[in-house]
Protein chains: 2
Amino acid sequence: MDRIRIAIVGYGKIAQDQHVPSIAGNDRFELVATVSRSAGAPDGIASFGSVEELLAAGIKVDAVAICTPPSVRYDIARTCLDAGLHSLLEKPPGVTLGECEELVRIAQAKGVTLFTTWHAQYNPAVEAAAERLAGKDIGTMRIVWHEDVRKWHPGQEWIWAPGGFGVFDPGINALSIASKIFPGTLILRGAELLFPANCETPIAARLELTSPAASGAISADFDWRHSGGEAWNIEVRTAEGETLLLSEGGSRLSVDGAEIVSPGHGEYPGIYAHFAALVDGGTSHVDLAPLRLTADAFLLGKRVQVEPFES
Amino acid sequence: MDRIRIAIVGYGKIAQDQHVPSIAGNDRFELVATVSRSAGAPDGIASFGSVEELLAAGIKVDAVAICTPPSVRYDIARTCLDAGLHSLLEKPPGVTLGECEELVRIAQAKGVTLFTTWHAQYNPAVEAAAERLAGKDIGTMRIVWHEDVRKWHPGQEWIWAPGGFGVFDPGINALSIASKIFPGTLILRGAELLFPANCETPIAARLELTSPAASGAISADFDWRHSGGEAWNIEVRTAEGETLLLSEGGSRLSVDGAEIVSPGHGEYPGIYAHFAALVDGGTSHVDLAPLRLTADAFLLGKRVQVEPFES
């Protein structure tokens, strides 16, 4: 089978740290170009200033991995899908649900693969948790996602602008894990969003959720104001009384206190293995649940103004 | 064919003014009960305090029309669908997209009809506009939805609470018309939401949209601060230069200044004709686009604080 000739669009930190080595480590792919305004690319790989330039260059390309900031993702993805390229989207797949629905429509019309990745879902510990909870009755689930925005998002002004999602930028990773492992639809029932007086997006959020699969409380607590260290934990108690703890952002799983999955090879090799399977199988994988939960939180949430944020 | 034995859940103004006469005017339906905390019902019709009481009463019921306030709609609809009742939902079908997705899942699992009504879509003028625009290239579309909240929503405190949607409560009617008549996906690109300092929902909103089917600007202007009279207009200019104007909330259609559809029999008889066809055909009709556009506006919108609202 011919290798899938792939270009990376948006050559920032995540592309360099994760996508390049995962593509290099997967025999089904061959990196043939990057698209980057700064013309960055690994040694020996062609770089173009725009997708249009890439398409006009006559290089054979089968697929793209779109790693740009989310606000420009839709226009780029449309161009790529319209050109018949299989498209992998970094998370979140767009800044609105409407964008994503339209990309689905185009991919179907063109008969190409669309893959909305949520990297946290590809942790081996997350997959193990999903298998363990499948078909179970759940008691409670508690998500705690605390970090210091100054440490993890220094200088990223866009996260505070409309469409930047604020604390939901990391929080949506938690929601992507939760919706993958939970054996039933997660439905938002209430939210409190804490907006700094000088920001357009929340610095903290508390969510209350429900599910037909759960008898007890489901909650999420996102907070960017924790300078003393991170907590990226999801604890699930089943109706039978078993307690699963996913910690360290979904990389570690323990059951009733005993660790059963330790941090391993990371998320992106699994993402590329799945992308190859989708392309080879002629199918798509579109998961909008994490973005839908985020949109529902903004729609239903009570807004609370808190002190201005000084970076 | 046996008539569809239907109960109305939530016996408020819309139920009394629209649902009761439309059910009475359609031979496929027979109103058998209401569910209402105040025990209201037409003469000779049984009334129950809850859906659970209705189900326990042993009356044969095939379908429900759920006309309660939106915040309680999901729990009621779940109970009805789980009991195998075909369910018609007043607009909006829920206060979150997640609720609606779960109702779709339950309806599919139970093999019953779910119908998310958007009443404004059933104006004959709206249907005529949709037919006329089908397959056309669009230039621009401009939505203006202005009214006086004191006149149209007196005493409705819930519209100002989280999940009450504020000016999107009428605005979603405009979005439901726009998404029905427009020959392509509508995608939100930006929004400004004007929140009174003392309210949890916006009193006005300006939306910018785009669509693969449009070459020019698409905008919506919702405003509840117009005491001088209403404007409920949608103007579409096609690429060929034709101008369609839907006015009076979608009840009147003119093309290039000449009226071609005048206000007629209203919206609800068409809703019940469609519901009967869905039940008889064993299918569902779920349209979440208006709610998705609203959620996207809250997700992406820039929040502007304006003067407090004094009712």
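The shown structure was predicted, so the numbers you read here are calculated from the model rather than taken from an experiment.

K.L.:
Can you walk me through the sheet that holds strand E4 (residues 63–66) of chain A in this structure?
P.N.:
Within a sheet, each strand pairs with its neighbour through backbone hydrogen bonds, oriented either parallel or antiparallel. Residues and elements named next belong to chain A. Taken together, the six strands give an open sheet; going across it, the order is E3-E2-E1-E4-E5-E6, and neighbouring strands pair in parallel fashion. Looking at strand neighbours, the two that pair on one side only are strand E3 (46–48) and strand E6 (114–116), the edges of this open sheet. Looking at each pair of strands side by side, their axes are set apart by 25° on average, direction ignored. Sheet topology places strand E2 (residues 29–35) next to E3; three bridges connect them, and they run parallel. Bridge pairing links Thr34 to Ser47 in E3. On the sheet, helix H1 (residues 13–24) packs against strand E1 (4–9), E2, E4 and strand E5 (86–89) and is oriented at approximately 175° with respect to E1.

K.L.:
Would you explain the relation of the copies chain A and chain B in this entry?
P.N.:
Here two copies of a chain appear, and what relates them is a rotation about an axis with a shift along it. Superposition record for chain A on chain B: RMSD 0.0 Å, screw rotation 180°, translation along axis 0.0 Å. Such a turn and shift between the copies fits a two-fold axis. By residue overlap, the copies meet face to face through one surface: 100% of the interface positions of chain A are interface positions in chain B.

K.L.:
Help me out: how do you make sense of the packing of aromatic side chains in this one?
P.N.:
The geometry of an aromatic ring pair is captured by two quantities: the separation of the ring centres and the angle between the planes. Residues and elements named next belong to chain A. For the structure shown, the criterion picks out 20 aromatic pairs over all chains. Arranged with centres 6.5 Å apart and planes meeting at 75°, the rings of Tyr272 and Phe275 form a pair that is edge-to-face. On the criterion of helical spacing, the pair formed by Tyr272 and Phe275 is a turn pair, its members being three residues apart in helix H8 (residues 268–281). Taken individually, Tyr272 and Phe275 each receive the classification buried, so the pair is uniform in this respect. A cation sits over an aromatic face here: Lys180 above Tyr122, 5.1 Å from the ring centre.

K.L.:
Help me out: how do you make sense of the pairing of strand E13 (residues 252–255) of chain A in this one?
P.N.:
Side-chain direction in a regular strand flips from residue to residue, so the side chains alternate between the two faces of the sheet. Residue and element names in this part refer to chain A. Note: strand E12 (residues 243–247) against E13, four bridges, orientation antiparallel. Paired with Leu244 across the two strands is Val255, which belongs to E13. Joining the antiparallel neighbours E12 and E13 is a turn of four residues, in which Glu248 adopts a positive phi near 55°. Direction of pairing for E13 relative to strand E14 (residues 258–261): antiparallel, over a ladder of three bridges. Residue Val255 lies in a different strand from E14, and its bridge partner there is Ala258.

K.L.:
What is the right way to read the domain arrangement of chain A from this model?
P.N.:
One widely used convention gives an interface's size as the accessible area the parts lose upon coming together. Residue and element names in this part refer to chain A. If you check the domain split of chain A, you get domain 1 (4–116) and domain 2 (120–265 + 295–306). The straight-line distance from the C-alpha centre of domain 1 to that of domain 2 is 28 Å. Facing the seven residues of domain 1 at the interface are eight residues of domain 2. Of the roughly 540 Å² buried where domain 1 meets domain 2, counting both sides, 69% is carbon and sulfur surface. Broken down residue by residue, the surface that domain 1 buries against domain 2 is led by Lys91, Pro92 and Val95, which jointly contribute 60%. A salt bridge links Lys91 to Asp169; its shortest N-O distance comes to 3.8 Å. Run the count over domain 1 and domain 2 and you get two residue pairs in polar contact (both at pLDDT 80 or more). Of the residues assigned to the side of domain 1 that touches domain 2, the class counts are five nonpolar, one polar and one charged.

Reading guide: rules and limits
Residues numbered from 1 in each chain as written. Chains lettered and ligands numbered in written order. Predicted model: local features only at pLDDT ≥ 70, side-chain atom pairs only at ≥ 80, totals over all residues. Heavy atoms only, no water. Pairing = 2+ DSSP bridges. Helix = DSSP H or I, 4+ residues; strand = E, 2+ residues; numbered from the N terminus. Axes fitted to C-alpha atoms, helices over the stretch in contact; angles between N-to-C directions. Contact = heavy atoms within 4.5 Å. Least-squares fit on C-alpha atoms with pLDDT ≥ 70 in both. Phe/Tyr/Trp six-rings, centres within 6.5 Å; stacked < 30°, edge-to-face > 60°. Buried < 20%, exposed > 50% of the residue type's maximum accessible area, 1.4 Å probe, protein only. Lys NZ or Arg CZ within 6 Å of the ring centre and 35° of its normal. Domains from an automatic or database assignment. Buried area = accessible area lost by both parts, 1.4 Å probe. Salt bridge = Lys/Arg side-chain N within 4 Å of Asp/Glu carboxyl O. Polar contact = N/O pair within 3.5 Å; in protein donor to acceptor, adjacent residues only side chain to side chain. Nonpolar A, V, L, I, M, F, W, Y, C, P; charged D, E, K, R; others polar.

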